[in-house]
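# Observations on the model geometry
Okay, here's what each chain looks like letter by letter:
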Amino acid sequence: MAEDMISLIRENVIQGRVTQDDEGFDEGKVGQPGVSELTEKALAQGINPEDIIKRGFSEAMVVVGQKFEIEEYFLPDMLASAEAVGAAMEILEPHLVKSGIKPKGKIIVATVKGDLHDIGKNIVSILLRGAGYTVEDLGNNITPQAIVDAVAKERPQFLGLSALLTSTRIRMRETIELLTESGVRDKVKVIIGGAPISEEFAQSIGADGYGADGFEAVRVMEALSTNVEG
Amino acid sequence: MPRQGILVEPYQRLKLEHVEQIHRASLAILADPGVLCFNRNAADIFGDHGAEVLPMRQGSADCWLLKIPGKIITDAVQAAPKVVKLGARDENNCLILDGQEPRVHFASGSEANNWLDVDVETFISKREPGYEVKFPVFRVQKGTVDRLAKAARMCEHLDSWDSFLRPVNIQDDDITDDNKDVNKFFASLNNTTKHVMSGLTELSQLDNVVKMSRIIAGGEDRFKENPIISFITCVVKSPLQFVDDTTQTAIEIARRNIPLVISSSPQGGSTAPIREEGMVAQINAEILVGVALTQLVNKGTPVLYGSVPVRARMDDLYDSYGVPEFNQYNIDCVQMARYYGLPCYSTGGVSDVKVPGIQASVERLFSHILVTLAGPQYIHYAFGLLERTNTFCPVQAVLDNAHISMVKRFVRQPIVTADRISESLEQVRRVMGTSHKLYIRFVRSALRSGEITPPYPFESKDMVDETLLRAQQQMEEVLLLPPRHIDKVTIDRVFQQVPGLLTRMMNY
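In this text, all values refer to a predicted model and were calculated from it rather than measured experimentally.

## A short note on the overall build of chain A
- Helix and strand content of chain A: nine helices and five strands.
- Each helix (α) and strand (β) of chain A, taken in turn from the N terminus, gives the series α-α-α-α-β-α-β-α-β-α-β-α-β-α.
- By the compact-globule yardstick of 17 Å for 230 residues, chain A fits well, its C-alpha radius of gyration being 18 Å.
- Structurally, chain A occupies a C-alpha span of about 55 × 40 × 25 Å along its principal axes.
- Out of the 230 residues in chain A, the part that is buried amounts to 46%.

## A short note on the sheet that holds strand β1 (residues 6-7) of chain B
Residues and elements named next belong to chain B.
- Ordered in space as β1-β7-β21-β20-β17-β15-β12-β11-β10, the nine strands form an open sheet in which the pairing is mixed. If you trace the sheet from one side to the other, it starts and ends with β1 and β10 (163-165), each paired once.
- Where helix α10 (residues 324-340) meets the sheet, its contacts fall on β17 (303-307) and β20 (344-347), and the angle it forms with β20 comes to roughly 180°.

## Considering the environment of R17 of chain A
Residues and elements named next belong to chain A.
- In this fold, R17 is placed in the loop between α1 (2-15) and α2 (35-44).
- Look at R17 and you get buried, because 28 C-beta atoms sit within 10 Å.
- As a C-alpha pair, R17 and G160 span 143 residues in sequence and 27 Å in three-dimensional space.
- The residues touching R17, leaving out its near neighbours within four places in the chain, are N12, D22, G24, K29, G34, V35 and A84.

## Focus on the nonpolar core
- Of all hydrophobic cores here, the largest spans 141 residues; its most connected members are I73, V289, V291 and A292 of chain B.
- Sorting elements by how many residues they give to this core places helix α9 (residues 276-297) of chain B first, with 12 residues.
- If we ignore the near neighbours within four places in the chain, the residues touching A292 of chain B are I72, I73, A76 and V77 of chain B.
- The next biggest cluster of nonpolar side chains, apart from the first, holds 63 residues, and it includes I6, V35, A60 and I126 of chain A.

## Some words on the packing of helix α3 (residues 49-69) of chain A against helix α4 (residues 75-99) of chain A
All names here are of chain A.
- For the pair α3 and α4, the least separation of the axes is 10 Å and the interaxial angle reads 165°. In terms of axis orientation, α3 runs roughly antiparallel to α4. Here α3 and α4 pass one another in a crossing that is left-handed. In contact with P49, E50, I52, I53, F57, A60, M61, V64 and F68 of α3, α4 contributes M78, S81, V85, A88, L92, H95, L96 and S99.
- Its residues assigned to classes, the contact of α3 with α4 shows 13 nonpolar, three polar and one charged.

## Section: the interface of chain A and chain B
- Taken together, the 12 residues of chain A in the interface contact 10 residues of chain B.
- Contributions of two or more residues to the side of chain A that touches chain B are made by α4 and α5 (119-130) of chain A.
- Residues that form the side of chain A that touches chain B fall into these classes: six nonpolar, two polar and four charged.

What counts as what
- Sequence order sets the numbering: in each chain, residues are counted from 1 along the sequence as written.
- Throughout, the order in which chains and ligands are written sets their labels, letters from A for the former and numbers from 1 for the latter.
- Only residues with pLDDT of at least 70 get local features here, since the model is predicted, and only at 80 or more are side-chain atom pairs given and counted; chain-wide, interface and lining totals rely on the full set of residues.
- Helix and strand definitions here come from DSSP, where helices need a minimum of 4 consecutive H or I residues and strands a minimum of 2 consecutive E residues; each element is numbered from the N-terminal end.
- Here the globule rule is a power law, 2.2 Å times the number of residues to the power 0.38, and the radius of gyration is based on C-alpha atoms.
- Three exposure classes are used, all based on how many other C-beta atoms lie within 10 Å of a residue's own C-beta (placed from the backbone): buried at 20 or more, exposed at 12 or fewer, and partly exposed between those limits.
- Strand pairing is assigned whenever DSSP detects at least two bridges linking the two strands.
- C-beta atoms are first placed from the backbone for all residues, and any pair lying within 7 Å is then listed as a contact.
- Lines fitted to the C-alpha atoms define the axes, with helices restricted to the stretch that makes contact. Angles between their N-to-C directions range from 0 to 180 degrees.
- The nonpolar core is taken to be a set of buried Ala, Val, Leu, Ile, Met, Phe, Trp, Tyr and Cys residues joined by way of C-beta atoms within 7 Å.
- By the definition adopted for this analysis, an angle is roughly parallel if under 35 degrees, roughly antiparallel if over 145, roughly perpendicular if from 65 to 115, and oblique otherwise.
- Should the near helix be turned counterclockwise from the far one by less than a right angle, the crossing is left-handed, whereas a clockwise turn marks it as right-handed.
- Just so you know the grouping, Ala, Val, Leu, Ile, Met, Phe, Trp, Tyr, Cys and Pro go in nonpolar, Asp, Glu, Lys and Arg go in charged, and all remaining residues, Gly too, go in polar.

Spelled out as structure tokens, the structure:
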């Protein structure tokens, strides 16, 4: 019974279905439970949240990653699967705490002041949620002070800053400087990304990591996670 | 099921009143000054139907000035079929060209002497000896039977290439005027199951080519139902002169009721007025008089309105295909053909430059897009032609295939239905309920159905343009695909019954 449910969750993650309203690749999926509904059912059946994550979500995302590597899946497919996992993780979160399972980590993301372009940040957020991180999205056009205030209050392990414009990437430097002035710089790893950003720029402003795209952002987070206490 | 081409909503450059003005001007041209005719039979045919025939002499040649009343022309043109079928060895590859339906098909063309190979070489920077880059270099070769067969194999496997109009002039040492026609038709037919079109080098070879085509099509009756070949004739040399041999060729083909393109290619500024309205009035007159001749010879001969108007360069008076006027002339001609309800054989996709690259892409894309938008039933010259029409480059043909497929996506009809609007509204509603506000999820089914255009197939990711390298790779892959040759028994029959075929052709 539990095995069937985990298998169904896996299948629906691979199909990228968040809810019963979503299409999959196979015909006739609309109306059948998606990953959100299945996760709730699994919990109701008493299935261990850790099993759901490890054998449902993670194994499914490995398959999705493989399909992407061999170009069977496009980026929208990958994101749909990650979105499904992210939505289900929100459902699981309170149960994880109850079960004493340590969350993977929390990240605050924001597009910096002066920049309204948030597609990249949103894609990264979906992928991070899909990878099991808790993501708090401050939105776009966010001042350095508002970002630092959020870091001081929420105490995330990571801060992700995004910019599309060359003229706004300077706000990343200002934000990192303000983190230092506020005494919280050593409490958070700062990862930056966006079209005008490079590894060199990241180093020059004292960021801890740079992701050239959403996938690299996740890899950088995973690498930094080994050095971060949850 | 014929090839579908692409149905367009035609771009109308000329208003109806312009079309009618040009029509009247064309008829006025045919009445006065008329057409200078160097073919006795054609002069007699028009004379028998009421044209004024004035014997003349030009140099050492006898000729006749034909002053043709408009009614002779309009009645004859009216008799021409409005739908022409161009058959194919594989009938799924046949073309139905309906003069009233703007469904566009794409074909190669010309009879280029040169074949341009692309080689890839590695270059080392003089400034930074550690910096290497792969770059294409070009080698001009002469057209041969082997290369013509290669081009036909490419046509077979490239999706946008609807019909094979021989792009290469075969210049092998053992090819003569007397055996050229049978060998070029055989090399083409044996390497593509799509429709094969060509001009005829020697009228004496017409019946051998027809005999071969009938055998391959499965007999005389099958060939009538499924004419796997057709011919192009330039009966009128601009300005307004019936050429003796090509006119006789057109008469003989019409007598055999085989599909025929009546092609005219005046050059604006040298052999036709350079201004649009004058050019189009003249070429229209030249095509109409050719079409009329075929119908007076054999009412109902399937003919295509073959418009190949070009503009002269002002530095050397060569043809120019890259100038905007070329597109204007051609679009106008498409509208004239539609006015008569005749299927239009139009022209697009040629570059003035000698090698593939930026200039080639710019020049040919203008006409690939604009002439397609006009809605001719058949666009020839659309694959691989460079240096005007003197060079055929197979790598360029691969690029053209990809570009035409993009053009076809661009010109396809919009689909606005209540159901699709409802689906869109539902997507908007759902996306506004998410934190990410992205529609990416809804792209997936459209991606799978082919509704969304894939990335440019020759895309370069790094700081070097690798378009030609990638196109060359694709060409090599295409040439490795299995050919669809004629079956052995039929080939043996062809070789037994058709004289002039070279034994080595069996290898092609």
